[in-house]
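# Report on the structure
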Amino acid sequence: MPDTGTMRWNEKNGTPFLTFPSFDDLPFVRHAFSTRLGGVSEGVFSSMNLGFRRGDREENVWENYRRICAAAGFDPQKLTASSQDHHTVIRRVTMEQAGIGFTRPRDLESVDGLCTDTPGLTLVTYYADCVPLFFADKRTHAVGAAHSGWRGTVARIGAEMVRRMGEEFSSDPADLIVGIGPSIGPECYEVDQPVADQFLAMQELDPKRFVRPIGEGKYLLDLWECNRRVLASAGIPEENISCAQLCTKCHPDLLYSHRVMGAQRGNLAAMICRREDD
């Protein structure tokens, strides 16, 4: 079995997926993070590409969804997708949005986070180095997923999801379980001065804990730790935050990485729903 950090390896009918043990303990949640294994896509998309916009054959992507949904227990007719552009727009969705990004075209062009309390509706967001954030409310059983690249992280999309779930579902931060998913790690994410400066301006979060100079105007950026601090500052108890500790760049055999593969690659997906039988 490959290195999966702190996440749990699951496999059914030859299709693997990763889960957080903390979320596996929640009886009302079904969730998964895909790998690049177990699909039918070929070439640079090999093999579990879940992105329709990458240039892969549509029938291959559909078969990949059929496989991972069957393995992880999602209804492929009740998926709804984000439309990511590195902002902090959070959309509450209901069964009226089922199929958006799949059997129906995307109707908004800026949605980097999704939340719902509708049982059976699966939220889908996409990755290949950026940080997936999973949310589940132990009291209301609402769930959320957010795409947190460097722009989303510095704009505190994690805190925005906490705020929005409070607004939409009366979620208390103390009741939220959060997972920081597989993404580029702190020893691999090199950025230049203008990007580093935006993180160094987050003074109340003690940015020296997640921005490290390495010389010649370059820095290593720890998106995991920055997101953890953003979430904690929004009221999430530290014991409620799990980090996958799994770097996409270090594991290109298991996960797609933009830094390794460039634009010609597949997409990973974070998927979460409130169980239909809840």
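The coordinates are above.
Report follows, based on the coordinates. Bear in mind the structure is a predicted one, so any value in this text is a computation, not a measurement.

## Here we look at the packing of aromatic side chains
All told, the structure shown has 11 aromatic pairs when counted by the stated rule. Relative to Tyr65, the ring of Phe52 has its centre 5.7 Å away and its plane inclined at 10°; by these criteria the two rings are stacked. In this pair, Phe52 sits in the loop between β3 (29-34) and α2 (58-72) while Tyr65 sits in helix α2, placing the two residues 13 residues apart along the sequence. Using a relative accessible area of 22% as the deciding quantity, one classes Phe52 as partly exposed. On the basis of relative accessibility, which here comes to 0%, the residue Tyr65 falls in the buried class. Members of the aromatic cluster, joined through ring pairs, are Phe52, Trp62, Tyr65 and Phe102.

## Remarks on empty space enclosed by the protein
Tallied over the entire structure, the rule returns 1 cavity of 30 Å³ or more. Of the pockets and cavities examined, the largest cavity occupies roughly 30 Å³. Along its surface, the largest cavity is lined by Ala81, Ser83, Arg91, Ile100, Arg106, Asp107, Leu108 and Val111.

## Side note on the pattern of salt bridges
Tallied over the entire structure, the rule returns 23 salt bridges. Note that Arg163 and Glu160 form a salt bridge whose closest N and O atoms lie 2.8 Å from each other. Here the residue Arg163 and the residue Glu160 both occupy positions in helix α4 (residues 157-169), the gap between them amounting to 3 residues, near one helical turn.

## Quick look at the nonpolar core
Most often, soluble globular proteins keep nonpolar side chains buried together rather than apart. Judged by nonpolar contacts, the single largest core of 39 residues is most densely connected at Phe135, Phe199 and Leu221. Those elements that provide at least two residues to this core are β8 (131-137), α3 (150-154), α4, β10 (176-180), α5 (193-200), β13 (218-221), α6 (223-233) and β14 (241-243). The residues contacting Phe199, other than those within four sequence positions of it, are Trp150, Thr153, Val154, Pro207, Phe210, Val211, Leu221, Leu223 and Cys226. Of all hydrophobic cores here, the second largest spans 29 residues; its members include Phe23, Ala98, Leu123 and Phe134.

## Brief notes about the pairing of strand β2 (residues 15-19)
For β2, the tally of buried residues reaches 5 of 5 residues, placing the bulk of the element in the interior. Both faces of β2 are covered, namely the face carrying Thr15, Phe17 and Thr19 and the face carrying Pro16 and Leu18. With 5 bridges connecting them, strand β1 (residues 8-12) and β2 associate as antiparallel partners. Bridging across to β2, Arg8 finds its partner in Thr19. A loop of 2 residues connects β1 with β2, the two strands running antiparallel in sequence, and Asn13 in this loop sits at a positive phi of about 55°. Direction of pairing for β2 relative to β3: antiparallel, over a ladder of 2 bridges. Within the sheet, the bridge partner assigned to Leu18 lies in β3 and is Phe33.

Parameters and conventions
Residues numbered from 1 in each chain as written. Predicted model: local features only at pLDDT ≥ 70, side-chain atom pairs only at ≥ 80, totals over all residues. Heavy atoms only, no water. Phe/Tyr/Trp six-rings, centres within 6.5 Å; stacked < 30°, edge-to-face > 60°. Helix = DSSP H or I, 4+ residues; strand = E, 2+ residues; numbered from the N terminus. Buried < 20%, exposed > 50% of the residue type's maximum accessible area, 1.4 Å probe, protein only. 1 Å grid on protein atoms, 1.4 Å probe; cavity = no way out; pocket = protein on both sides within 12 Å on 5 of 7 lines; lining within 4 Å. Points joined across faces, edges and corners; volume = space filled by probe spheres on them. Salt bridge = Lys/Arg side-chain N within 4 Å of Asp/Glu carboxyl O. Core = buried A, V, L, I, M, F, W, Y, C linked by side-chain atoms within 4.5 Å. Contact = heavy atoms within 4.5 Å. Pairing = 2+ DSSP bridges.

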